[in-house]
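Take a look at the letters that make up each chain.
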Amino acid sequence: MWTRARGFLLAAGILVTAAVALAGLQAGDHHGRLDPRSADPDGSRALAQLLEERGVTTRVVTNAAEAAAAAGPGTTLLVAEPDLLGEPQRRAIRSAIDLSGGRTVLVAPGSTSLPDLAPAARADGFAHRRDLDPGNPACTLPAAGTAGRAGTGDGLRYATDLPGATACYPSGGHPTLLVLPSTTKGGDTVLLGSETFLLNKRLADEGNASLALQLLGTRPELVWYLPTPADMSADPGTGAEEPSLLELVPAGWTWALLQLFAAAALAALWRARRLGPLVTEDLPVAIRASEATEGRARLYRRADARDRAATVLRAAARERLAPLVGVPAPQAHDPATLVPAVSARLADGRPYDPATLLFGTTPADDAALVALADHLDALEREVRTS
């Protein structure tokens, strides 16, 4: 069975490896929908780059607490998918809307999020046309008048009774872009019925780029809030930590994994006992130590590795000399400890320097390497006989 299936398994393994490698290489450029870091058709990287050219910095945040903390008079806070936010997150964003004094842009908020984020407005059906006109003279928003026709349709329509609200791009008498004044001076809230004109694939159509730049570029900093599942499950007001991976695993699966580990351990013990005790065997061929040493020396010579050979000779000599002169083994390779102890055991007028022999430089040629070995032997004999 293995012979028949190994070709298929090998091909499947190669395909899986290639898929994982390609996914890893492309992961840096692919993000979610309406992500200012994404160059995909449904991303918004083109808009972020245009804003950057105009001096507006774009900062991506993924939790409500960070988004609320970043909001201020000099920021535009864009909230993508506000209907996905939980009640704690909506409270945090609502607090930022009321207190920041900046602009808040809600992308396609529906009946789920409007009561908390913009209670003065309500959703009123869908706009079935994709490109709409500003609706002058009822629309007094300068950005809409400059941009002209834009792709604000194919999304929600809104209605409001709030005095001072600006309604633009109507479809069937109801606006798809609604600007609500804030209770804080200088602030406002923009409701966009559709995110289509913010996407890479539609930014160059009609007046989409002009409208997007004017709506999101009124402040020097744009805080782009992309909610994540982890953010939606955490309460920013309680300071609770996000659940760990083990906490997200259901209890039944935890017990199943423990049983699998126990079964694997028992199987390993069974297989180990089945093989029986270890059996010692004599080597089929005995190789003398001198032959192994000569073979290693030939390899060093073939590789012209005089540095490595000299290092091995000196290290071995230091390890043999250290117990002879009373130096502890851990300090055998310390010149400040070994050299004085060796010198004390040598007679005056010696033709070689112990420091140079034991810790010197690499020999220049093979003759110098042989001379080093002879001098190390002579040094060790003198220390042993002293």
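One can find the structure itself at the top, above this paragraph.
The residue count restarts for each chain, going from 1 along the sequence in the order it is written. Given that the model is predicted, a residue must reach a pLDDT of at least 70 before its local features are reported, and side-chain atom pairs must reach 80 or more before they are shown or counted; all residues, however, enter totals for whole chains, interfaces and linings. To obtain the side-chain values, all non-hydrogen atoms of the structure were included, while hydrogens and water were left out.

Novice: Give me the overall build of the chain: which residues, what numbers.
Specialist: Helix and strand labels come from DSSP, where a helix needs a run of H or I of at least four residues and a strand needs a run of E of at least two; each type is numbered from the N terminus. Each helix and strand counted, the chain has 15 helices and nine strands in total. Within the span of the chain, comprising 386 residues, buried residues form 35% of the whole. Any two residues whose heavy atoms approach within 4.5 Å are treated as being in contact. In the chain, the share of contacts with a sequence separation of at least 24, taken over all contacts with a separation of at least 6, comes to 66%. Note that accessible areas follow from Shrake-Rupley with a 1.4 Å probe, and for residues the cover is restricted to the protein chains shown. Here the chain has roughly 22,500 Å² of accessible surface; of this, 59% comes from carbon and sulfur atoms. Exposure classes here rest on a 1.4 Å probe applied to the protein chains alone. A residue is buried below 20% of its type maximum, exposed above 50%, and partly exposed in between.

Novice: Run through the state of the cysteines, naming residues and quoting values.
Specialist: The disulfide criterion used throughout: a pair of cysteine sulfur atoms within 2.5 Å. Following the criterion strictly, the structure yields one disulfide and no others. Paired through a disulfide, Cys139 and Cys168 show a sulfur-sulfur distance of 1.9 Å. Taking the sign of the S-S torsion, 80° for the link of Cys139 and Cys168, the bridge is right-handed. Highlighted residues: Cys139 in the loop between β4 (121–126) and α6 (142–147) and Cys168 in strand β6 (residues 166–171), separated in sequence by 29 residues. Per residue, the accessibility class of Cys139 equals that of Cys168, and both read buried.

Novice: Requested: an account of the sheet that holds strand β9 (residues 221–225), with residues and values cited.
Specialist: Here we have seven strands laid out as an open sheet, ordered β1-β9-β2-β3-β8-β7-β6, and mixed in their pairing. Of all the strands in the sheet, just β1 (57–61) and β6 have a single pairing partner and so form its edges. Neighbour-to-neighbour, the strand axes of this sheet turn through a mean angle of 15°, independent of strand direction. At least two DSSP bridges between two strands are required for those strands to pair. With five bridges connecting them, β1 and β9 associate as parallel partners. Bridge pairing links Thr57 to Glu221 in β9. Here an angle of 0 to 180 degrees is reported between the N-to-C directions of two axes, which are lines fitted to C-alpha atoms, with helices fitted over the stretch in contact.

Novice: Account for the pattern of salt bridges, with residues named and values stated.
Specialist: Salt bridge, as used here: a side-chain nitrogen of Lys or Arg that lies within 4 Å of a carboxyl oxygen of Asp or Glu. Taken as a whole and assessed by the stated rule, the structure comprises 20 salt bridges. Here Glu380 ties to Arg384 by a salt bridge, and the two come within 3.0 Å at their closest N and O atoms. Pair noted here: Glu380 and Arg384 are both in helix α15 (residues 366–385), with a separation of four residues, about one helical turn. Given the relative accessible area of 48%, Arg384 is considered partly exposed. Here the residues in one salt-bridge network are Arg33, Asp42, Glu195 and Lys201, joined through shared partners.

Novice: Break down the side chain of Asp35 for me, with residues and values.
Specialist: Inspection of the secondary structure assignment puts Asp35 in the loop between α1 (2–26) and α2 (45–53). Two N or O atoms form a polar contact when they lie within 3.5 Å of each other; inside protein one atom must be a possible hydrogen donor and the other a possible acceptor, and for residues adjacent in sequence the pair counts only when both atoms belong to side chains. Polar side-chain contacts of Asp35 include one of 2.9 Å to the side chain of Arg37. In contact with Asp35, other than residues within four places in its own chain, are Gly43, Ser44, Arg45 and Leu226.

Novice: Tell me about the packing of α2 against helix α7 (residues 208–216), residues and numbers included.
Specialist: Closest axis-to-axis distance for the α2/α7 pair is 10 Å, and the angle between their directions is 60°. For the element pair α2 / α7, the angle class is oblique. Of the two possible hands of crossing, α2 and α7 adopt the one that is right-handed. Facing α2, whose interface residues are Leu47, Leu50 and Leu51, α7 presents Ala212, Leu213 and Leu216. For the contact of α2 with α7, a count of residues per class yields six nonpolar, no polar and no charged. By the definition adopted for this analysis, an angle is roughly parallel if under 35 degrees, roughly antiparallel if over 145, roughly perpendicular if from 65 to 115, and oblique otherwise. Crossings are classed by handedness, with left-handed meaning an anticlockwise turn of the near helix from the far one by less than a right angle and right-handed meaning a clockwise turn. Each residue receives one of three labels: charged for Asp, Glu, Lys and Arg, nonpolar for Ala, Val, Leu, Ile, Met, Phe, Trp, Tyr, Cys and Pro, and polar for the others, Gly being one of them.

Novice: Explain the nonpolar core to me, using residue names and the numbers behind them.
Specialist: Residues enter a nonpolar core if they are buried and are Ala, Val, Leu, Ile, Met, Phe, Trp, Tyr or Cys, with the set joined through side-chain atoms within 4.5 Å. In this structure, Leu177 and Leu198 are the most contacted members of the largest nonpolar core, which totals 33 residues. Contributing elements (two or more residues each) for this core: α2, β3 (103–107), α6, β6, β7 (174–181), β8 (188–192), α7 and β9. Ranked by the residues each element gives to this core, the list is headed by α7, at five residues. In this structure, Val61, Ala64, Ile93 and Ala118 belong to the second largest nonpolar core, which totals 24 residues.

Novice: Please set out the pairing of β7 residue by residue, giving values where relevant.
Specialist: Most of β7 sits out of view: six of its eight residues are buried. Hairpin connection from β6 to β7: two residues lie between these consecutive antiparallel strands, with Gly172 at a positive phi of about 65°.

Novice: Lay out helix α4 (residues 87–99) in plain terms, naming residues and giving numbers.
Specialist: Between its first and last C-alpha atoms α4 spans 18 Å; for 13 residues at 1.5 Å apiece the expected length is 18 Å, and the two agree. Taken as a whole, α4 has its buried residues at Gln89, Arg90, Ala92, Ile93, Ala96 and Ile97. Looking straight down α4, one finds its buried side chains confined to an arc of 160°; they lie on one side. One or two positions beyond α4, positive phi appears at Gly101, with a value near 80°. Multiplying 1.5 Å by the residue count of a helix minus one yields the expected span of that helix. For this quantity, the arc is that covered by the directions from the helix axis to the C-beta atoms.

Novice: Which residues make up the side chain of Arg202, and what values do they have?
Specialist: Within the element layout of this structure, Arg202 appears in the loop between β8 and α7. Once you skip the residues sitting within four places of it in the chain, Arg202 turns out to touch Arg130, Asp131, Gly151, Thr196 and Asn208.

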